[in-house]
Structure formats: structure tokens, C-alpha cells
Amino acid sequence: NGAIFYSDYEDYQVQKIVQIGTLPDGSPLTTVIFDNAAALTSQGAELELFAAPTDGLRIAAGLAYLDATFDTFEGATDPEFGVVDASGNQNPISPEWTFNLAVDYEHPLENTGSLIVNLNYDYKDKYFSNLNLTNHSDGVTPSQGSLGGRVGFRSADEHWGVYLWGKNLTDEDKPIQRAIGGRGGNKEIYVVPRTYGVTLDYQF
């Protein structure tokens, strides 16, 4: 499956920081509001692939390209630079490239059940973090990929199953959100580190 899209927005809504007062220490008291960002153009393409090359094997993949840019946005605010002209800037949280892949395999075991295997991968290109309307380099979230998987057993009557799973198997250590300036300086939120566990389910 493939698609090409073009969207032209008027009065597009974004989140931005505004000053609503001053704290006793002289630093600004701010809050986050939704505001209209004049005009924005979002265009790109998507490609999806679904395949079943052999019995029990299923493959799904997706690739997307996005170009989301403010056409005019003269009243943007930034915690470090104040009021700025964000016309021509990239819309926050709009990675240019994204990719995903999922591979599922089910192998029947004679008279007992099935072996279940899953492998999945998600990739996001670098993007400007939320509220980074100025496209400042300090507020860039780096590109990153996440690898996960699951292996387990499901009974022949499909009443119960047990699975060993893992997320972020490569133990990526990158920020998924960056906030610039403001009270307390720059802040970062990091991806959840490698996690794993066992799931047992039963269906009545």
C-alpha cells in the first residue's frame, strides 16, 4: 500500500509557553497554552508492506516521509528567546523519516500447541521536541531505534500461553524529549531502559 498526502492548515494549533507573572526571586512565572500558529503545510508519503512468504510467517513493514513546516507564524514564543518569528520552521514532534518492521512466526508442535516468535523494530528520525518552535539545536531529540521481541508457547486449544518478552533489547540510552530553558534550565526525558519479563495468560 502506498499514499501521498498534502495538507494545508489555517489557524493550526500548537502548544507554546507564555509568561503570566513573576516569581519572588525575579524569574518569570510561565504556563503552557494552546494557540493558533497561523498557517502550516504538511506533506509526505507512506509505504506499507504485508507479506506471508511461507506458512506461519508474517512480515509487516512501513516507511514514511514527512515535511511539516510553518508557512507563517510570527507570534511564536520561546522560554529562552521570547517572541520570535517561526515562519519556515519545522513543526515540533514531526520526524522527517519513520520506519517500522514486525516479523511474526508460528510453528505448530504436534498435539501440544504452537511456538510463537515475534521480532519488532521501530525507528524515528531526529525531530524538534515539543514547544521548540524556534527549532533551537538544544531542543533536538536524536534519531533512535527500538528493538523488541517475544517468544513463547500457546496451547493447542488456545486457552493458555506463556511468553518471554523484551523491550529496548539494545538498551538504547537517548532522550525522547528535551525542554529548552525556562525555570530550572534545560530538561530531558530518557527512553525506558531495557526491560524484560514473562507473561502467562489464560482464556476462559
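The sections below set out a description of the structure shown in this document.

Right, let's talk about the overall build of the protein for a bit. Within the protein one finds 0 helices and 16 strands. Scaling as 2.2 N^0.38, a compact globule of 204 residues should have a C-alpha radius of gyration of about 17 Å, whereas the protein reaches 23 Å, well beyond that. Expressed as lengths along the three principal axes of its C-alpha atoms, the size of the protein is roughly 70 × 45 × 30 Å. Expressed as a percentage of its 204 residues, the buried residues of the protein come to 28%. Across the protein, contacts joining residues at least 24 apart in sequence account for 58% of those joining residues at least 6 apart. In the structure as shown, the protein presents an accessible area of about 12,500 Å², 55% of it carried by carbon and sulfur atoms. Taking the average location of the 12 positive side-chain charges in the protein and that of its 28 negative ones, the two points are 8 Å from each other.

Before going further, it helps to examine the pattern of salt bridges. By the definition in use, this model includes 1 salt bridge. When the shortest N-O distance is used, the salt bridge between Arg154 and Glu106 registers 2.8 Å. Of this pair, Arg154 sits in strand 12 (residues 144-155) while Glu106 sits in strand 8 (residues 97-109), and the two are 48 residues apart along the sequence. On the basis of relative accessible area, Arg154 is assigned to the partly exposed category, the value being 24%. For Glu106, a relative accessible area of 32% translates into the label partly exposed.

Attention shifts here to the sheet that holds strand 13 (residues 160-167). Strand order in this open sheet of 8 strands is 1-4-5-8-9-12-13-16, and the pairing throughout is antiparallel. Looking at the sheet topology across the chains shown, the edges are occupied by strand 1 (2-10) and strand 16 (195-202). Put simply, the sheet's adjacent strands are angled 15 degrees from each other on average, direction ignored. Here strand 1 runs beside strand 4 (residues 39-51); their pairing, made up of 9 bridges, is antiparallel. Looking at strand 4, one finds that Asp8 is bridged to Thr41.

Membership of the largest hydrophobic core is limited to 9 residues, which are Val14, Ala37, Leu40, Phe70, Phe73, Ala76, Val84, Ala86 and Leu133. What Val14 contacts, discounting residues up to four positions off in sequence, is Ile33, Phe34, Asp35, Ala37, Phe70, Phe73, Asn91 and Leu133.

Right, let's talk about unusual backbone geometry for a bit. In this structure, Glu158 is a non-glycine residue whose phi angle is positive, near 60 degrees. With respect to the helices and strands, Glu158 occurs in the loop between strand 12 and strand 13. Residue Glu158 is classed as partly exposed on the basis of its relative accessible area, which comes to 47%.

Calculation notes
Residues numbered from 1 in each chain as written. Predicted model: local features only at pLDDT ≥ 70, side-chain atom pairs only at ≥ 80, totals over all residues. Heavy atoms only, no water. Helix = DSSP H or I, 4+ residues; strand = E, 2+ residues; numbered from the N terminus. Rg over C-alpha atoms; globule rule 2.2 N^0.38 Å. Buried < 20%, exposed > 50% of the residue type's maximum accessible area, 1.4 Å probe, protein only. Contact = heavy atoms within 4.5 Å. Areas by Shrake-Rupley, 256 points an atom, 1.4 Å probe, with all protein chains shown as cover. Lys, Arg positive; Asp, Glu negative; His and termini not counted. Charge placed at Lys NZ, Arg CZ, Asp CG, Glu CD. Salt bridge = Lys/Arg side-chain N within 4 Å of Asp/Glu carboxyl O. Pairing = 2+ DSSP bridges. Axes fitted to C-alpha atoms, helices over the stretch in contact; angles between N-to-C directions. Core = buried A, V, L, I, M, F, W, Y, C linked by side-chain atoms within 4.5 Å.

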